[in-house]
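Observations on the model geometry
Listed below are the residues making up each chain.
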Amino acid sequence: MQILVYTQDAKSYVQALHELAPKAEIHGATTLEEAEPHLAEAEVLLAWGMPAAALARMPRLRWVQWLGAGVDLVVAHMPQDVVLTRVVGAFSTVMSEHVFAYLLALRRGVFEMRELQEHHTWHRVIGASLRGQRLGVAGLGSIGSEVARLGRAFGMEVWGLSRSGRGSEICDRHFLPADMRTFAAGVDALVLVLPKTTETTGIVDKDVLLGMREGSILVNVGRGNAIVERDLAEALRRGRPAMAQLDVFEREPLPDDSPLWDLPNCYISAHCSGPSEPDLVRTFVAENIRRYLAGEPLAGVVDRSQGY
Ligand code: OXD
């Protein structure tokens, strides 16, 4: 059996794979050029960021373990007889910490304090509390559920939105995507953890944004397609939402001429809230390799009709 690993960290995966699958022939690649000689023979592909078109040149392929949570780059290109799995659960801790790092920093005035320090100014910044505020989590998979759990730990009321009703039991109130406007209008912090699908594209548009509460914060750690960025820039200028933290964008890297860069109430990070690092995904991937070799059902199998 041949395994191809295509990712920037291919080397570290290849080393670990030698122990997990000693009988397999394992190749690592960081570019398509390096992967090319192995495409025809590989049965298993572990990949992150591989151009989807290359899949058509892999006739022996049986299983693809995508090394991230979102499979939007490849799902439509995956041959029907190939099983596609994504990483589930591994990013919940770091991504929810990212969300609360910003929610706390913005509510407690951390950025203002730092700015005052830069000017040697002694001035008391009186922050607000998350306790008693309402958190809205759109997307209640493993990451969204952890955001909801932490919200509760901070004393927040938790509203949730999901298309299937999944996660409704962990929310004080549950909404379906058709009710996005009411959902967004009722919360103090709206956190998007949505996958990229046709249904989520543009789900947060001008109407949703301008209907948000005074002082509200919008955080997006899911996919950039969910927000109409042109509308968001305008809405942020009008203070609805009051602040946004964006980790994902319609186009990445965010183009230099995007107005979002220069808005003082927009906080940008470069798609790094849940990095696909070997340390984070190793346990999940190792267990799936064990299952594959033992002929057991794989974890994280993507439902193609849903796209995640
Ligand atoms: C992922 C991501 O899908 O990092 O894992 O966006």
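Quick summary incoming for the structure in this document. (Residues numbered from 1 in each chain as written. Predicted model: local features only at pLDDT ≥ 70, side-chain atom pairs only at ≥ 80, totals over all residues. Heavy atoms only, no water.)

A word on the site of the ligand. Surveying the vicinity of the ligand reveals the residues Trp 48, Gly 68, Ala 69, Gly 70, Phe 91, Arg 223, His 271 and Gly 274. Within the backbone of Ala 69, an N or O atom sits 2.7 Å from an oxygen atom of the ligand. In this structure, an oxygen atom belonging to the ligand sits 3.3 Å away from a main-chain N or O atom of Gly 274. Protein chains shield 91% of the accessible area of the ligand, which is 210 Å² for the free molecule. (Near = heavy atom within 4 Å. Polar contact = N/O pair within 3.5 Å; in protein donor to acceptor, adjacent residues only side chain to side chain. Areas by Shrake-Rupley, 256 points an atom, 1.4 Å probe, with all protein chains shown as cover.)

We now examine the packing of aromatic side chains. Within this structure, the stated rule accounts for seven aromatic pairs. Between the aromatic rings of Trp 48 and Trp 66, the centroid separation amounts to 6.0 Å while the plane-to-plane angle is 55°, which identifies the pairing as tilted. Placement of the pair is Trp 48 in the loop between β3 (44-47) and β4 (63-66) and Trp 66 in strand β4, with a sequence separation of 18 residues. Here the aromatic rings of Phe 100 and Phe 154 are separated by 5.3 Å at their centres, their planes lie at 20°, and the arrangement is stacked. (Phe/Tyr/Trp six-rings, centres within 6.5 Å; stacked < 30°, edge-to-face > 60°. Helix = DSSP H or I, 4+ residues; strand = E, 2+ residues; numbered from the N terminus.)

Moving on, we get to the side chain of Gln 65. By the element assignment, Gln 65 lies in strand β4. Gln 65 sits in the buried class, given a relative accessible area of 0%. If we skip the residues at most four places from it in the chain, Gln 65 touches Leu 45, Leu 46, Ala 47, Thr 85, Arg 86, Val 87, Phe 284, Val 285 and Asn 288. (Buried < 20%, exposed > 50% of the residue type's maximum accessible area, 1.4 Å probe, protein only. Contact = heavy atoms within 4.5 Å.)

Before going further, it helps to spend a moment on the sheet that holds strand β2 (residues 25-29). In spatial order, the strands read β2-β1-β3-β4-β5; together these five strands make up an open sheet with parallel pairing. Among the strands making up the open sheet, the edge pair consists of β2 and β5 (83-85). Averaged over neighbouring strand pairs, the angle between their axes works out to 15° when direction is ignored. Taken together, the four bridges between β3 and β4 define a ladder with parallel strand orientation. Counterpart to Val 44 in the pairing with β4 is Trp 63. Lying over the sheet, helix α1 (residues 10-20) contacts β1 (2-6), β2 and β3, oriented at roughly 170° with respect to β2. In the packing of helix α9 (residues 278-294) onto the sheet, contacts are made with β3, β4 and β5, and the angle to β4 comes to roughly 170°. (Pairing = 2+ DSSP bridges. Axes fitted to C-alpha atoms, helices over the stretch in contact; angles between N-to-C directions.)

Bringing the packing of helix α3 (residues 92-108) against helix α4 (residues 110-118) into the picture now. Their axes nearest at 5 Å, the elements α3 and α4 cross at an angle of 60°. Looking at the two axes, α3 sits oblique to α4. Taking contact as the criterion, the partners of Tyr 102, Ala 105, Leu 106 and Arg 108 in α3 are, on α4, Val 110, Phe 111 and Met 113. In the contact of α3 with α4, the residues fall into six nonpolar, no polar and one charged. (Parallel < 35°, antiparallel > 145°, perpendicular 65-115°, else oblique. Nonpolar A, V, L, I, M, F, W, Y, C, P; charged D, E, K, R; others polar.)

On to the sheet that holds strand β9 (residues 189-192). As summarised here, the arrangement of the seven strands in space is β8-β7-β6-β9-β10-β11-β12, forming an open sheet in which the pairing is parallel. Pairing within the sheet leaves two strands with one partner each, and these edge strands are β8 (173-175) and β12 (266-268). Across the sheet, the mean angle from the axis of one strand to that of its neighbour is 15°, orientation sign disregarded. Judged from the four bridges that link them, strand β10 (residues 217-220) and strand β11 (residues 243-246) form a sheet pairing that is parallel. Across the sheet, the residue bridging to Asn 220 is Leu 246, located in β11.

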